[in-house]
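Secondary and tertiary structure notes
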Amino acid sequence: MARHASYDRDAVLKRALELFWAKGYHATSLKDLEVALDMRPGSIYAAFGSKEALYGETLRLYAQMSQTQFEELLAKAPTRLAGLAAHVRALGCVAPESVPSRACMLVKTLLETPDDDPVLRQLTEDMMRKVEIAFANIYRAARDAGEIPETADPERLASRLQIEIFGLRAYAQRTDSGARVAALADDIARDIEALAISEPTTANAPAQ
């Protein structure tokens, strides 16, 4: 008869996510994981295979949580641009004590892993591309609905927005950033809203 795991995998992954997000991949030791997860090294490896594999799972969980929050904001917004603007403003209002790190976990991983890393670097870049594609799909839908000019380039707008968001999240790590993060997020959001040329011709719809 198969043995059942004696731990809550979802709870363990959330604790690992908080630890990795706060300290980074390389700075997190096996001892750190042992204490945070309340698991012996052998149990950690038996459950996840390796530290790298565990980190990969926490990255996927981080991306999933971020996507869910993003989609919830879009669903509540009256227009596509309003949804993107709300997303940026929400990122600028994250309280330092509410998350392990105000820097994006994907950005931290990207900066920490070398170009030739065959696993974590590729996984991180794939996730970042998916975010950029989602932004582009929203801009494209807004353009097709007449909400932004026909000459607008969805891919370029998406790339620019990703740069601005990741730069904002990195800047938030500064100990002296304070309220400026929210103000800068509002500046980015206003730039998004300024793209609008008319009321949208169709109801808001999530990116495909």
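Cut-offs applied
- Residues numbered from 1 in each chain as written.
- Predicted model: local features only at pLDDT ≥ 70, side-chain atom pairs only at ≥ 80, totals over all residues.
- Heavy atoms only, no water.
- Salt bridge = Lys/Arg side-chain N within 4 Å of Asp/Glu carboxyl O.
- Helix = DSSP H or I, 4+ residues; strand = E, 2+ residues; numbered from the N terminus.
- Buried < 20%, exposed > 50% of the residue type's maximum accessible area, 1.4 Å probe, protein only.
- Expected span 1.5 Å × (residues − 1).
- Contact = heavy atoms within 4.5 Å.
- Polar contact = N/O pair within 3.5 Å; in protein donor to acceptor, adjacent residues only side chain to side chain.
- Phe/Tyr/Trp six-rings, centres within 6.5 Å; stacked < 30°, edge-to-face > 60°.
- UniProt positions renumbered as here; feature names shortened; annotations may be inferred.
- Core = buried A, V, L, I, M, F, W, Y, C linked by side-chain atoms within 4.5 Å.
- Axes fitted to C-alpha atoms, helices over the stretch in contact; angles between N-to-C directions.
- Parallel < 35°, antiparallel > 145°, perpendicular 65-115°, else oblique.
- Left-handed = near helix turned anticlockwise from the far one by under 90°.
- Nonpolar A, V, L, I, M, F, W, Y, C, P; charged D, E, K, R; others polar.

A full pass over the atoms with the stated rule returns 17 salt bridges. A salt bridge links Glu57 to Arg9; the shortest N-O distance between them is 2.7 Å. With Glu57 in helix H4 (residues 51–76) and Arg9 in helix H1 (residues 9–23), the pair connects residues that are 48 residues apart, well separated along the chain. Residue Glu57 is classed as partly exposed on the basis of its relative accessible area of 25%.

With that settled, the discussion passes to helix H7 (residues 120–144). Under the 1.5 Å per step criterion, the end-to-end length of H7 is 36 Å for 25 residues, consistent within 8% with the ideal 36 Å. Where H7 terminates, the next one or two residues include Gly146, which has phi positive at roughly 80°.

Turning to H1, a few remarks are in order. Here H1 contains 15 residues, and its C-alpha end-to-end distance of 21 Å stays within 8% of the 21 Å for a straight helix at 1.5 Å per residue. Regarding H1, the residues found buried are Val12, Leu13, Ala16, Leu17, Leu19, Phe20 and Trp21. Looking at the buried residues of H1, the elements they touch are helix H2 (30–37), helix H3 (41–48), H4, helix H6 (105–112) and helix H8 (154–171). For H1, the side-chain oxygen to backbone nitrogen distance between the N-cap and Asp10 is 3.1 Å, and the N-cap itself is Asp8. Gly24 lies just past H1 and shows a positive phi near 95°.

In this section: the packing of aromatic side chains. Summed over all chains, the structure comprises five aromatic pairs. Between Phe20 and Tyr55 the ring centres are 4.7 Å apart and the planes differ by 80°, which places this aromatic pair in the edge-to-face class. Here the residue Phe20 occupies a position in helix H1, and Tyr55 occupies one in helix H4, the gap between them amounting to 35 residues. Note on accessibility: Phe20 and Tyr55 belong to one class, buried. Where Phe70 meets Phe135, the ring centres are 5.7 Å apart and the plane angle is 80°; that geometry is what we call edge-to-face. One end of the pair, Phe70, is in helix H4; the other, Phe135, is in helix H7, with 65 residues separating them in the sequence.

This part is about the UniProt feature "DNA-binding region" (unreviewed entry) in the chain. Residues given the UniProt feature "DNA-binding region" (unreviewed entry) here are residues 29–48. Helix makes up 80% of residues 29–48 and strand makes up 0%, while its end C-alpha atoms are separated by 15 Å.

Attention now goes to the nonpolar core. With 51 residues, the main nonpolar core has Phe20, Leu37, Leu54, Leu84, Met105, Tyr139 and Leu161 as its most contacted residues. Among the elements that take part in this core, H7 stands out by supplying nine residues, more than any other. Excluding residues that lie within four positions of it along the chain, Leu161 makes contacts with Leu84, Val88, Phe135, Tyr139, Ile188 and Ile192.

With that out of the way, let us pick up the packing of H6 against H7. Relative to each other, H6 and H7 sit at 140°, their axes nearing to 9 Å. As the angle between them shows, H6 and H7 are arranged oblique. For the element pair H6 and H7, the recorded crossing hand is left-handed. Contacts between H6 and H7 involve Leu106, Thr109 and Leu110 from the first element and Arg121, Thr124, Glu125, Met127 and Met128 from the second. Per-class residue counts for the contact of H6 with H7 are four nonpolar, two polar and two charged.

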